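Reading the structure
If you want the building blocks of each chain, they are given just below.
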Amino acid sequence: MLALLLLVGCEVAARVTFQPDGSLRQLLEGYVVRLNDERPQTWVCGNSTMNAGIDAEMMQQSLKGSVIKLAHGTATFRASVDLIEYYLSRIDTPPQTLIVCSFKDDLNPNGYNARTSERFDEVLSSESGHESGAGWLRLNSARNRIVLAAQTFLSSGWRTWNGNPVQSAATESEQFSGAAIAAGDPFYTDSARNYEVDVAAFDRLNQLAKRYRIRRCVVLFLPTSQPYIDFHNSLYPRHPYDAIRAELSSLCAQRGLEFIDEGGPWSDSSLFQDPYHLNTEGRRELMSRLMPQLTPLLSYRPVP
């Protein structure tokens, strides 16, 4: 009875309390305005891990061309590709260079990030004129927000109780302790749930690059810390982190996408805010490694 009452209460909250995320719609519209006004030559797309790790000003100075960061919180690799298509369909000048950033769990279509990314589907479907399903999408998104809020609360409590307090990704000066992630940690386990690589997203990125004649299309695999990789390998000893990196390299090579692997893992925990967000020093380190690989402007190659 208690479980039934809880279920009914959450459903009522989903139908009555939660509203569409207007701030997300405003974010997307704001990026469209900037893209049309600034016409940047280089787009860098990703979620908070990209936002923490990429210095657009440094990149712009080195590449001698305008750069824009298109950051969408908790977006998966597939969601990033969807959003890139959304922007490309609403602008006059596509980029010369497109860089799509990802880390391990952004590639998984079955985990926490993928469920959170459904809110992008909601907005994009509405913007594309698919209003018939918009109500269902909003309701489904509201249900997911309730589940995600509960999971985040339980995960935070679990990690604090285990003596490993959750570190905020908002304060770049913080340093990750480098402590091992507790076995069974609900948040990280859910992020890697039924782990696999979303191959179809790479096919779609290849198609977009060809359709819009993007001269250089790069998949950038972002750094993570050693404890984060150790945790993944403990969950999936038959699908370890190194095998994922090799799979990405092969997927990109087969589709004519340039692959830059900075996935590490980096052993210096002082470069991170938490197991996978870089801090200010980590950003400097990543940019020092990344820029030599991006600066040769003659390295453009057509996507087959």
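Scroll up to find the structure.
A brief structural summary. Worth saying up front: this structure is predicted, and the values here are computed from it rather than measured.

As for its position among the elements, Trp266 is in the loop between strand S5 (258-261) and helix H13 (280-294). For Trp266, a relative accessible area of 5% gives the class buried. Taking the C-alpha atoms as reference, Trp266 lies 9.7 Å from Gly282; in sequence the two are 16 residues apart. In contact with Trp266, not counting residues within four places along its chain, are Pro223, Thr224, Ser225, Gln226, Leu271, Phe272, Leu278, Gly282, Glu285, Leu286 and Arg289.

This brings us to the packing of aromatic side chains. Scanning the model with the defined rule gives 15 aromatic pairs in all. Ring centres of Tyr188 and Tyr276 lie 6.4 Å apart, and the angle between their planes is 90°; this geometry places the pair in the edge-to-face category. With Tyr188 in helix H9 (residues 186-191) and Tyr276 in the loop between S5 and H13, this residue pair connects regions lying 88 residues apart in the sequence. A residue is classified by how much of its surface remains accessible, and Tyr276, at 13% relative accessible area, is buried. These aromatic residues form a ring-pair network of at least three members: Phe103, Tyr112, Phe187, Tyr188, Tyr228, Phe231 and Tyr276.

Attention now moves to the environment of Arg25. Inspection of the secondary structure assignment puts Arg25 in helix H2 (residues 22-38). C-alpha of Arg25 to C-alpha of Val123: the two residues are 98 residues apart in sequence and 6.6 Å apart in space.

Interaxial distance between helix H4 (residues 56-63) and H13 falls to 11 Å at its minimum, and their mutual angle equals 30°. For the element pair H4 / H13, the angle class is roughly parallel. Where H4 crosses over H13, the two elements pack in a sense that is right-handed. Counted together, Met58, Met59, Ser62 and Leu63 of H4 and Met287, Leu290, Met291 and Leu294 of H13 form the full contact between these two elements. Considering only residue class, the contact of H4 with H13 consists of seven nonpolar, one polar and no charged.

Looking along a regular strand, one sees the side chains alternate between the two faces of the sheet. Among the five residues of strand S2 (residues 67-71), five are classified as buried, and the element is accordingly described as predominantly covered. Inspection of the sheet shows strand S1 (residues 42-46) paired to S2 by five bridges, in the parallel sense. Residue pairing across strands places Thr42 opposite Val67, the latter belonging to S2.

By the secondary structure assignment, Asp82 is in helix H5 (residues 77-88). Owing to a relative accessible area of 14%, Asp82 belongs among the buried residues under this scheme. Here Arg204 takes part through its side chain, which lies 2.3 Å from a polar atom of the side chain of Asp82.

Right, let's talk about the pairing of strand S4 (residues 216-221) for a bit. Counting buried positions over the six residues of S4 gives six, a clear majority of the element. With burial as the criterion, each face of S4 is covered, one bearing Arg216, Val218 and Leu220 and the other bearing Cys217, Val219 and Phe221. Note that strand S3 (residues 97-102) and S4 share six bridges and pair parallel. In the strand pairing of S4, Leu98 is matched with Cys217. Of the strand pairs in this sheet, S4 and S5 are connected by four bridges, and their pairing is parallel. Of the residues in S5, the one forming a bridge with Val219 is Phe259.

The sheet built from five strands is open, its strands ordered S2-S1-S3-S4-S5 with parallel pairing. Of all the strands in the sheet, just S2 and S5 have a single pairing partner and so form its edges. On average, each strand axis in the sheet is inclined to that of its neighbour by 20°, with strand direction left out of account. Docked against the sheet, H4 engages S1, S2 and S3, running at close to 150° with respect to S2. The strands that H5 touches are S1, S2, S3 and S4; relative to S1, the one it contacts most, it runs at about 140°.

We now examine the packing of H5 against helix H10 (residues 199-211). Contact pair H5 / H10: the axes reach a minimum separation of 9 Å and the direction vectors enclose 20°. One way to sum up the angle between H5 and H10 is to call them roughly parallel. Where H5 crosses over H10, the handedness of that crossing is left-handed. Here Phe77, Arg78, Val81, Asp82, Ile84, Glu85 and Leu88 of H5 lie close against H10, whose contacting residues are Ala201, Phe202, Arg204, Leu205, Leu208 and Arg211.

About the criteria used
Residues numbered from 1 in each chain as written. Predicted model: local features only at pLDDT ≥ 70, side-chain atom pairs only at ≥ 80, totals over all residues. Heavy atoms only, no water. Helix = DSSP H or I, 4+ residues; strand = E, 2+ residues; numbered from the N terminus. Buried < 20%, exposed > 50% of the residue type's maximum accessible area, 1.4 Å probe, protein only. Contact = heavy atoms within 4.5 Å. Phe/Tyr/Trp six-rings, centres within 6.5 Å; stacked < 30°, edge-to-face > 60°. Axes fitted to C-alpha atoms, helices over the stretch in contact; angles between N-to-C directions. Parallel < 35°, antiparallel > 145°, perpendicular 65-115°, else oblique. Left-handed = near helix turned anticlockwise from the far one by under 90°. Nonpolar A, V, L, I, M, F, W, Y, C, P; charged D, E, K, R; others polar. Pairing = 2+ DSSP bridges. Polar contact = N/O pair within 3.5 Å; in protein donor to acceptor, adjacent residues only side chain to side chain.

On their own, these measurements won't tell you what the molecule is for.
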